[in-house]
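Report on the structure
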Amino acid sequence: MSTLVQTLFNGMALGSIYALVALGFCLVFKASGAVNFAHGSLLLLGGYLVAVLHEPLGFALALAVAAVGTAAAAAVEALVLRRVAKADGPAVPTILTIGVDILLLTELARRIGGDVLGTGDPWGASVVTVGGITVAQARVYSLVVALVLVGVFLLAFHRTGWGLAMRARSSDAEAAALMGVRGDRLQLSAWMLAGVLAAVAAVFLAAFPGTGVDRTTGQIALAAFPAAVLGGLGSVSGALLGSVVVGMAEALATGYQQQLSGLGSGLAEVVPYAVMVLVLIARPQGLLGAKESTRV
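All of these numbers come straight from a predicted model, not from anything done at the bench. (Residues numbered from 1 in each chain as written. Predicted model: local features only at pLDDT ≥ 70, side-chain atom pairs only at ≥ 80, totals over all residues. Heavy atoms only, no water.)

A few words on the overall build of the chain. A tally of regular secondary structure across the chain gives 11 helices and 2 strands. Scanning the chain from its N terminus toward the C terminus, one meets helices and strands in the order α-α-α-α-β-β-α-α-α-α-α-α-α. Relative to the globule expectation of 19 Å for 296 residues, the C-alpha radius of gyration of the chain, 19 Å, shows essentially globular dimensions. Seen along its three principal axes, the alpha-carbon backbone of the chain occupies a region of about 60 × 50 × 35 Å. With 296 residues in all, the chain has 47% of them scored as buried. Contacts spanning at least 24 positions in sequence make up 77% of the contacts within the chain whose residues lie at least 6 apart. Per element, the accessible surface of the chain, about 14,400 Å² overall, is 65% carbon and sulfur. Of the side chains in the chain, 16 bear a positive and 14 a negative charge, and the two mean positions are spaced by 11 Å. (Helix = DSSP H or I, 4+ residues; strand = E, 2+ residues; numbered from the N terminus. Rg over C-alpha atoms; globule rule 2.2 N^0.38 Å. Buried < 20%, exposed > 50% of the residue type's maximum accessible area, 1.4 Å probe, protein only. Contact = heavy atoms within 4.5 Å. Areas by Shrake-Rupley, 256 points an atom, 1.4 Å probe, with all protein chains shown as cover. Lys, Arg positive; Asp, Glu negative; His and termini not counted. Charge placed at Lys NZ, Arg CZ, Asp CG, Glu CD.)

Our focus in this paragraph is the nonpolar core. Counting residues in hydrophobic clusters, the biggest one holds 67 residues, and the most contacted among them are Leu20, Val21, Leu23, Leu43 and Met166. Here this core gets 12 residues from one element, more than from any other, and that element is helix H1 (residues 2–32). Discounting residues that sit within four places of it in the chain, Leu43 has contacts with Val21, Ala198, Ala201, Ala202, Leu205, Thr217, Gly218 and Ala221. Listed in part, the 7 residues of the second largest apolar core include Leu42, Ala74, Leu81 and Ala194. (Core = buried A, V, L, I, M, F, W, Y, C linked by side-chain atoms within 4.5 Å.)

With that out of the way, let us pick up the packing of helix H2 (residues 39–57) against helix H8 (residues 183–206). The angle between the axes and the distance between the axes are what describe a pair of packed helices. Relative orientation of the contacting elements H2 and H8 amounts to 60°, with a least axis distance of 8 Å. With respect to their mutual orientation, H2 and H8 come out oblique. Considering how the two elements wind past one another, H2 and H8 form a crossing that is right-handed. Across the interface between the two elements, His39, Leu42, Leu43, Gly46, Gly47 and Val50 of H2 pack against Ala194, Ala198, Ala199, Ala201, Ala202, Val203 and Leu205 of H8. A per-class count over the contact of H2 with H8 returns 10 nonpolar, 3 polar and no charged. (Axes fitted to C-alpha atoms, helices over the stretch in contact; angles between N-to-C directions. Parallel < 35°, antiparallel > 145°, perpendicular 65-115°, else oblique. Left-handed = near helix turned anticlockwise from the far one by under 90°. Nonpolar A, V, L, I, M, F, W, Y, C, P; charged D, E, K, R; others polar.)

With that settled, consider the pattern of salt bridges. According to the stated counting rule, one finds 2 salt bridges in the structure shown. One salt bridge in this structure joins Arg110 and Glu107, with 2.7 Å as the shortest N-O distance. Highlighted residues: Arg110 and Glu107, both in helix H4 (residues 91–112), separated by 3 residues, approximately one helical turn. Judged by its relative accessible area of 29%, Glu107 falls in the partly exposed class. Across the pair Arg111 and Glu107 runs a salt bridge, and its minimum N-O distance is 2.9 Å. In this pair, Arg111 and Glu107 are both assigned in helix H4, 4 residues apart and thus about one turn of the helix distant. Through salt bridges with shared partners, one network takes in Glu107, Arg110 and Arg111. (Salt bridge = Lys/Arg side-chain N within 4 Å of Asp/Glu carboxyl O.)

What follows deals with the packing of aromatic side chains. Enumeration according to the criterion identifies 7 aromatic pairs in this entry. Arranged with centres 5.4 Å apart and planes meeting at 55°, the rings of Phe37 and Phe225 form a pair that is tilted. In this pair, Phe37 sits in the loop between H1 and H2 while Phe225 sits in helix H9 (residues 221–231), placing the two residues 188 residues apart along the sequence. A residue is classified by how much of its surface remains accessible, and Phe37, at 31% relative accessible area, is partly exposed. Between Trp123 and Phe204, the ring centres sit 5.2 Å apart and the planes meet at 25°, which makes this aromatic pair stacked. One end of the pair, Trp123, is in the loop between H4 and strand S1 (127–130); the other, Phe204, is in helix H8, and 81 residues separate them in sequence. (Phe/Tyr/Trp six-rings, centres within 6.5 Å; stacked < 30°, edge-to-face > 60°.)

Secondary-structure assignment places Gln187 in helix H8. Residue Gln187 is classed as buried on the basis of its relative accessible area, which comes to 13%.

Further remarks concern the side chain of Arg139. Locating Arg139 in the fold gives a position in helix H5 (residues 137–159). An unpaired buried charge is present at Arg139: no salt bridge exists, and Glu250, the closest side chain of opposite charge, is 7.5 Å distant. Other than its neighbours up to four places away in sequence, Arg139 contacts Phe9, Asn10, Ala13, Leu14, Ile17, Phe204 and Pro209.

As a packed pair, H1 and helix H10 (residues 236–255) sit with axes 6 Å apart at the nearest point and diverge in direction by 145°. Our pair here, H1 against H10, has a crossing hand that is right-handed. Grouping the amino acids of the contact of H1 with H10 by side-chain chemistry returns 17 nonpolar, 7 polar and 2 charged.

Relative to the helices and strands, Ala19 resides in helix H1. Sequence separation of Ala19 and Val246 is 227 residues, and the distance between their C-alpha atoms is 9.8 Å. Filtering out sequence-adjacent residues up to four positions away, Ala19 remains in contact with Leu240 and Ser243.

The structure is reproduced here in structure tokens:
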């Protein structure tokens, strides 16, 4: 029983980290209609900046600088792709983000090489034991920080003018523009916020029981993409629910790997995509996504 409880907690903690990444995908899609496949490289950039700056600046300041750096990188990407989007719609910018991702990942991989970089986080390899259940202290903090950030985001999304503008543009971009919504500024803020969330997520993904930041860290963001998709890519609540589902499924696959050995090794890496496929077969619009209606 303790193993199950520990596994479920790890799943919640992992899902909370995925939620930060999935929110980034969702925000960019709601603001611009494009899917940012360069989000993984932004996550790696944030982790890399923390890793190289934590010694001279300290962890907290390094994280702040990394958040600003990823936000700036996301803003530059948004400004570059905006010109294409105006002429060709969201499809071409989505494809171009793949090229941006390759370029940024290649440069970061060159800088990191074969090293595994530590982020200097204050939790280290500390663990917390409660009632016979042992969990990494970093997982506890990841859950708390993610809950706070998601709570603040939801409050802003539903209670501020920015959130109202975001919801209006997502519903009908042309009508929102006629009502005075500044689409360019809204897109820029969405991309920047997605970059900040990616930097925070990178720190917790690299923390214990993770090994640190290496050249493959950005690929972890790909596990959060199924979370955003199976929840409904345009749905904030769906992205959060999808993240919990994917985190739980991955944690269960990892915790009961021996019992599931008949399905092959590395099952935890495949589970997010398997869950996404199964959900989309039954509900193509996602768990909380709405069917799109077209007047003819």
